[in-house]
Amino acid sequence: TDPNPKLAQELEVPYVYQLNVNFPNPFNPNTTISFSLAEPGYTKVVIYNILGQKVITLVDDYKPPGEYSITWNGCNDKNEPVSTGIYLYRIESGSFVETKKMTLIR
């Protein structure tokens, strides 16, 4: 145990804003998207098709700082499987916005 827990808390490395590469990529049937938030705030993670049309919203909530991971099952917001192709996933939290590509192979 740490003899000085208050000091240990003060020395913790702060979180940074980061959107990681999904794993696995390419994927079938599921992929995991992980991200970290440096500050608390309203956060959205949305999947889009290559035409920029929204497929599904995975996160739409207030989140405290920290590390997160979510799984996408390759279905749209009606729980229907989407087709093979390239998809974009985008995070928006405060002023942090980032988009990455992933490939679904059926």
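As a reminder, the structure under discussion sits directly above these lines.
Residues numbered from 1 in each chain as written. Predicted model: local features only at pLDDT ≥ 70, side-chain atom pairs only at ≥ 80, totals over all residues. Heavy atoms only, no water.

## Points about the pairing of strand β2 (residues 31-37)
Applied cut-off: A 1.4 Å probe rolled over the protein chains alone gives each residue an accessible area, and that area as a share of the maximum for its type sets the label: buried under 20%, exposed over 50%, partly exposed in between. Per the convention used, a helix needs a DSSP run of H or I reaching at least four residues, while a strand needs a run of E reaching at least two, with both numbered from the N terminus. In this scheme, strands are said to pair when DSSP sees at least two bridges between them.
Within β2, five of the seven residues are buried, leaving the element largely enclosed by the surrounding structure. As paired strands, strand β1 (residues 18-19) and β2 are joined by two bridges and run antiparallel to one another. Bridging across to β2, Gln18 finds its partner in Ser36. Here seven bridges tie β2 to strand β5 (residues 66-72), and the two strands are oriented antiparallel to one another. Looking at the pairing, Ser34 lines up with Ser69 of β5.

## Remarks on the packing of aromatic side chains
Selection rule: Here is the rule: rings of Phe, Tyr and Trp (six-membered ring for Trp) pair when centre to centre is within 6.5 Å. Planes less than 30 degrees apart are stacked, more than 60 are edge-to-face, and the remainder are tilted.
For the structure on display, the rule yields four aromatic pairs. Ring plane angle 20° and centroid distance 5.4 Å describe the contact between Phe35 and Tyr68, whose orientation is recorded as stacked. Taken together, the residues span a long stretch of sequence, with Phe35 in strand β2 and Tyr68 in strand β5 at a distance of 33 residues. Pairing Trp72 with Tyr87 gives two aromatic rings, centres 5.6 Å apart and planes at 65°, and the pair type is edge-to-face.

## A look at the sheet that holds strand β6 (residues 85-93)
Convention followed: Where helices are involved, their axes are fitted lines through C-alpha atoms of the stretch in contact, as for all axes, and angles between N-to-C directions lie from 0 to 180°.
One open sheet accounts for four strands, arranged β4-β3-β6-β7; its pairing is antiparallel. This sheet does not close on itself; its edge strands, each paired only once, are β4 (54-63) and β7 (96-104). Neighbouring strand axes in the sheet, compared pairwise and without regard to direction, differ in orientation by 15° on average. Across nine bridges, the pairing between β6 and β7 is antiparallel. Counterpart to Gly85 in the pairing with β7 is Leu104.

## Brief notes about the sheet that holds β5
The three strands lie next to each other as β1-β2-β5, forming an open sheet whose pairing is antiparallel. Two strands bound the open sheet, and with one partner strand each, they are β1 and β5.

## Brief notes about the pairing of β4
Bridge analysis of strand β3 (residues 41-49) against β4 gives eight bridges, and the strand direction is antiparallel. Within β4, the position partnered with Val45 by the bridge is Val59.

## Here we look at unusual backbone geometry
At the junction of Asn25 and Pro26, the peptide bond is cis and its omega measures out at 5° in the coordinates. Within the secondary structure, Pro26 is located in the loop between β1 and β2. A cis amide bond links Asn28 with the next residue in sequence, Pro29, at an omega value of 5°. One can find Pro29 in the loop between β1 and β2. A positive phi angle, near 65°, is found at Asn79, a position not held by glycine. Note on placement: Asn79 falls in the loop between β5 and β6. We classify Asn79 as exposed; its relative accessible area is 57%.

On their own, these measurements won't tell you what the molecule is for.
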